[in-house]
Every structure is written in C-alpha cells, then in structure tokens.
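Below, each chain spelled out in residue letters.
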Amino acid sequence: MSSVFIVTGAAQGIGAVVAAKLLQQNHQVIGIDLNPELTAWEIMQKITPSQQQNFYAIAHDIAQTNGLIEQIQQSPWADQTITGLVNAAGILEMGSLLDTTATQWQHNLAINFLGPALLSQWVAKQMMPHQTGAIVSISSNAALIPRMNMGLYATTKATVSHYFKNLALELAPHGIRCNLVLPGSTLTQMQKQLWTDEQPPRGIVEGNLEQYRNGIPLGKMAEPEDIANAVLFLLSDQAKQITMHELVVDGGATLGV
C-alpha cells in the first residue's frame, strides 16, 4: 500500500537516492530542495515516467519553513496521512572556529538544524492523531568527535542529533519514532567540494595524523546508497521497535564511539 513520505535535499546525493528508493516501493514522495531548476535535479534521471507521477517536487529553502509548509499543503496528497519524513538537506562549510562569524553560525544553524526541526515539529503534529509515523534525520559522524576545520558543521550536526533524540522521547507516547543516520565520508557533491581533483584525498581513507583524523577501517568511502539503505530500514516496520537511535554508517571511521 502506498504512503506519503517527505524528503528534503531530494535533488541529489543521499536525499535523491532515498526518494528514488521510496518511489520504487510505490510510495508517494514530496521532494524538497533549494535548486529551482527542477529538470536538473539528479533524481529526475533516476526515476521512470510512471514513478514521476508519484513524485511532487518543491523548490524551496528549508530555512524558510513557514513558506515550505504552505507549499506542502498544496501538494496533490495534502489530505493524506504523512507516513514518514527524511531530513537530508544540509550544508558543509569548512574553516576555523576562530574565524567563524555570527552570520555563518546563523546560516548554518538555520539550514542544518532549525529548518529541519521546525518542519519535523509540523510533520509530527500531522502524525499525532494517527498514532504512527517515522522521522529520520541525517546527522554526521562528525557529531561524535572533534574535527579540524569542521567545527561549524560538527556542532550543528551534534545539535541535530540531540534535538531529535529529545523529540523522539516526546513523540514516543504517540507511536511516532525518531531516529538518526550518521554518515561518514560519502561520495556526494558535498564531499567532492572538498577535493582538489576527481580523486578523494588519501587521508580520507588512510587517515591524517596532522588533522587528528582516523582512517576508514573498511578501506573505502560510502556510496549514497549505503546511507539510503540505513534510512529506509529505520523508516520501515523492520525498525518498529527502534527510536532515539543513532545509526552510524562510516566504515568504522569513528571506531564505534
């Protein structure tokens, strides 16, 4: 039976793979992304014409939550119960915390934390009368350990992790589950923006002592599908007794911390 799922960051990367997998399971998906060029969305090349009928794209800034909710309420499935929400939208800004400005903090917190938090609050209230639902948010293994020049990103993701575990506690009496997936280095555009050429720096897999960075024990970076599979599991009935959980998918890079 089809259900309605909302996926942010759906244009490309992890969000696109999650949305495509949900469509393959014959669900209806509302995909949200900042990119206004809908035809350029990576997911449009991943799905069939018949699947596109079950996909409703919204180009909107996650940080402008009130306007986003208004657009969701105008979707073809606005009168149907929301089964699940996946918060996959996010940004990564590198740099020293000693140089980080108030404007950078506000911008990164708005996109990585506050927008997803307010959207999840609204979605949870839609789910509560039905006493069921699942919310999965993409955090990061950087939320678990300090990282050189990633303090801004790591702090916002740590905030995401703690918020959603607290939200899960409040929503548990209503039958709604909240969980987190914490990826390590994954082959997405967010990761590739840090590279100087088309190949990943050796330090990502092998480790970098100067940056106090562990390598990846499994010896390879994750594919977006690896992260999406974890998300789909947490959305499914196979995880119906799991909530407040952080599922780390990083090839062992954080050594089980």
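Residues numbered from 1 in each chain as written. Predicted model: local features only at pLDDT ≥ 70, side-chain atom pairs only at ≥ 80, totals over all residues. Heavy atoms only, no water.

- Under an unreviewed UniProt entry, the name given to the chain is SDR family oxidoreductase, and the organism recorded is Acinetobacter piscicola.
- The UniProt entry for the chain carries the following text under Sequence similarities (unreviewed entry): "Belongs to the short-chain dehydrogenases/reductases (SDR) family." (UniProt positions renumbered as here; feature names shortened; annotations may be inferred.)

## A word on the pairing of strand S6 (residues 176–183)
So, point 1. Burial of S6 is extensive: eight of the eight residues sit out of reach of the surface.
So, point 2. As paired strands, strand S5 (residues 133–138) and S6 are joined by six bridges and run parallel to one another. What sits directly across from Val136, in S6, is Asn179.
So, point 3. Handedness of the crossover joining S5 and S6 through helix H5 (residues 151–171): right-handed. (Buried < 20%, exposed > 50% of the residue type's maximum accessible area, 1.4 Å probe, protein only. Helix = DSSP H or I, 4+ residues; strand = E, 2+ residues; numbered from the N terminus. Pairing = 2+ DSSP bridges. Right-handed = clockwise from strand over helix to strand, strands pointing away.)

## Brief notes about the nonpolar core
So, point 1. Ranked by size, the top nonpolar core spans 34 residues in total, and within it Val18, Phe55 and Val181 carry the most contacts.
So, point 2. Among the secondary structure elements, those contributing two or more residues to this core are strand S1 (4–8), helix H1 (13–24), strand S3 (55–59), S5 and helix H8 (224–235).
So, point 3. When residues in this core are grouped by element, the largest group, eight residues, is from H1.
So, point 4. In contact with Val18, not counting residues within four places along its chain, are Val7, Val86, Ala228, Val231 and Leu232.
So, point 5. If you look at the next biggest cluster of nonpolar residues, it comprises 30 residues, including Ile6, Leu68, Leu85 and Trp122. (Core = buried A, V, L, I, M, F, W, Y, C linked by side-chain atoms within 4.5 Å. Contact = heavy atoms within 4.5 Å.)

## Notes on H1
Quick reminder: α-helices carry 3.6 residues per turn. Residues three or four places apart thus point the same way.
So, point 1. In this model H1 runs 17 Å from its N-terminal to its C-terminal C-alpha over twelve residues, within 8% of the 16 Å that 1.5 Å per residue would give.
So, point 2. With eleven of its twelve residues buried, H1 lies for the most part within the structure.
So, point 3. What H1 keeps buried is the set Gly13, Ile14, Gly15, Ala16, Val17, Val18, Ala19, Ala20, Lys21, Leu22 and Leu23.
So, point 4. Once H1 ends, the next one or two residues include Asn26, with phi positive near 70°. (Expected span 1.5 Å × (residues − 1).)

## A short note on the packing of aromatic side chains
So, point 1. Across all of its chains, the model carries three aromatic pairs by this definition.
So, point 2. Aromatic side chains Phe113 and Tyr163 sit 5.4 Å apart centroid to centroid with 75° between the ring planes, which places their arrangement in the edge-to-face category. With a gap of 50 residues between them, Phe113 in helix H4 (residues 102–127) and Tyr163 in helix H5 connect regions that are remote in the sequence.
So, point 3. Centroid distance Tyr163 to Phe164: 4.9 Å. Interplanar angle 90°. Geometry classified as edge-to-face.
So, point 4. Overall, the relative accessible area of 23% leaves Tyr163 in the partly exposed class. (Phe/Tyr/Trp six-rings, centres within 6.5 Å; stacked < 30°, edge-to-face > 60°.)

## A word on the sheet that holds S1
So, point 1. Read from one edge of the open sheet, seven strands run S3-S2-S1-S4-S5-S6-S7, paired in parallel fashion. Taken across any chain shown, the strands that pair with only one partner, and hence form the sheet edges, are S3 and strand S7 (246–249). Here the average twist between neighbouring strands, direction ignored, is 15°.
So, point 2. In the sheet, strand S4 (residues 82–87) pairs with S5 via four bridges, with the strands oriented parallel. The residue bridging Leu85 from the neighbouring strand is Ile135, located in S5.
So, point 3. Strand contacts of H1: S1, strand S2 (28–33), S3, S4, S5 and S6, with the helix running at about 165° to S1, the strand carrying the most contacts.
So, point 4. Sheet strands in contact with H8 are S1, S4, S5, S6 and S7, and its direction is about 165° off that of S6. (Axes fitted to C-alpha atoms, helices over the stretch in contact; angles between N-to-C directions.)

## Quick look at the pattern of salt bridges
So, point 1. Per the stated rule, a full pass over the model turns up three salt bridges.
So, point 2. Here Glu42 makes a salt bridge to Lys46, at a shortest N to O gap of 3.7 Å.
So, point 3. Since its relative accessible area comes to 32%, Glu42 is described here as partly exposed.
So, point 4. Using a relative accessible area of 38% as the deciding quantity, one classes Lys46 as partly exposed. (Salt bridge = Lys/Arg side-chain N within 4 Å of Asp/Glu carboxyl O.)

## Notes on the environment of Gly251
So, point 1. Checked against the element boundaries, Gly251 lands in the segment after S7.
So, point 2. Accessibility expressed as a relative area gives 23% for Gly251, which makes it partly exposed.
So, point 3. For the pair Gly251 and Lys220, spaced 31 residues apart in sequence, the C-alpha separation works out to 7.3 Å.
So, point 4. With near-sequence residues (within four places) excluded, Gly251 lies in contact with Ile216, Pro217 and Leu218.

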